[in-house]
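# Descriptive analysis of the structure
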Amino acid sequence: MEAVEVREADRIHQLEVGSWMPTLGLMLKDDLLPHITGGFRGRAITVGSLEYSPWMQFIRDDKGKVVRYSGLIFTLLDEISYKLNFTYVVKEPEDGLWGLKVNGEWNGLIKQVMDGDVVMAAAAFAVSHERQQVVNF
């Protein structure tokens, strides 16, 4: 007996979740519905964010390398990741912007989400009608 797990849009994995035999009946080795009971099953997801104190703080070492994240948004993200069983890696947008539509093209965090570079953005966004047309808040 197998369950299907979709990790990425173009990759599907089959999980051996159990077997059934007439003499023994159903024997489960794993969750029959892993997407419900296991959340993201410990997967690391990519999250877009910017440093914007006090909401999102990037704590750096002496060499300027980010060693951890702090602030209200990351506290919320930590709680969600615990409840849904995932870890995350933060990816800052290359242009360092929140996301504006310039000459018909989006930039910043909004572009990252639209392009699928990140699974979600964790930031203290200002919600606008224009942004709501292209991403979910």
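Only a predicted model underlies this, so the values are computations on that prediction, with no experimental measurement involved.

### Details of the environment of V47
When you line up the elements, V47 lands in strand β5 (residues 43-48). Here V47 falls in the buried class, since its relative accessible area comes to 0%. Separated by 41 residues in sequence, V47 and Y88 have C-alpha atoms that sit 6.4 Å apart. In this structure, V47 is in contact with L77, Y88, V89, V90, K91, V118, M120, A121 and A122, ignoring residues within four places of it in sequence.

### Considering the sheet that holds strand β11 (residues 120-121)
Across the sheet, three strands lie side by side as β8-β5-β11; this open sheet has parallel pairing. Each end of this open sheet is capped by a strand with a single partner; those strands are β8 (86-91) and β11. One ladder, built from six bridges, connects β5 with β8; its direction is parallel. Within the sheet, the bridge partner assigned to V47 lies in β8 and is V90. On the sheet, helix α2 (residues 72-84) packs against β5, β8 and β11 and is oriented at approximately 145° with respect to β8.

### Considering the side chain of S49
Within the secondary structure, S49 is located in the loop between β5 and β6 (57-60). The class of S49 is buried, set by a relative accessible area of 0%. A polar contact of 2.7 Å, which involves the side chain of S49, links it to the backbone oxygen of A122. Excluding residues that lie within four positions of it along the chain, S49 makes contacts with M56, F58, F74, V90, K91, E92, P93, L109 and A122.

### Section: the nonpolar core
One finds V47, F74, L77 and Y88 to be the most contacted residues of the largest nonpolar core, which totals 18 residues. Broken down by secondary-structure element, the contributors of at least two residues to this core are β5, α2, β8 and α3 (108-115). Excluding anything up to four places from it in sequence, F74 contacts S49, W55, M56, Q57, F58, Y69, Y88 and V90.

### A word on the pairing of strand β7 (residues 66-70)
Taken together, the four bridges between β6 and β7 define a ladder with antiparallel strand orientation. Opposite R60, over in β7, you have V66 as the bridge partner.

Here is what the cut-offs are and how they apply
Residues numbered from 1 in each chain as written. Predicted model: local features only at pLDDT ≥ 70, side-chain atom pairs only at ≥ 80, totals over all residues. Heavy atoms only, no water. Helix = DSSP H or I, 4+ residues; strand = E, 2+ residues; numbered from the N terminus. Buried < 20%, exposed > 50% of the residue type's maximum accessible area, 1.4 Å probe, protein only. Contact = heavy atoms within 4.5 Å. Pairing = 2+ DSSP bridges. Axes fitted to C-alpha atoms, helices over the stretch in contact; angles between N-to-C directions. Polar contact = N/O pair within 3.5 Å; in protein donor to acceptor, adjacent residues only side chain to side chain. Core = buried A, V, L, I, M, F, W, Y, C linked by side-chain atoms within 4.5 Å.

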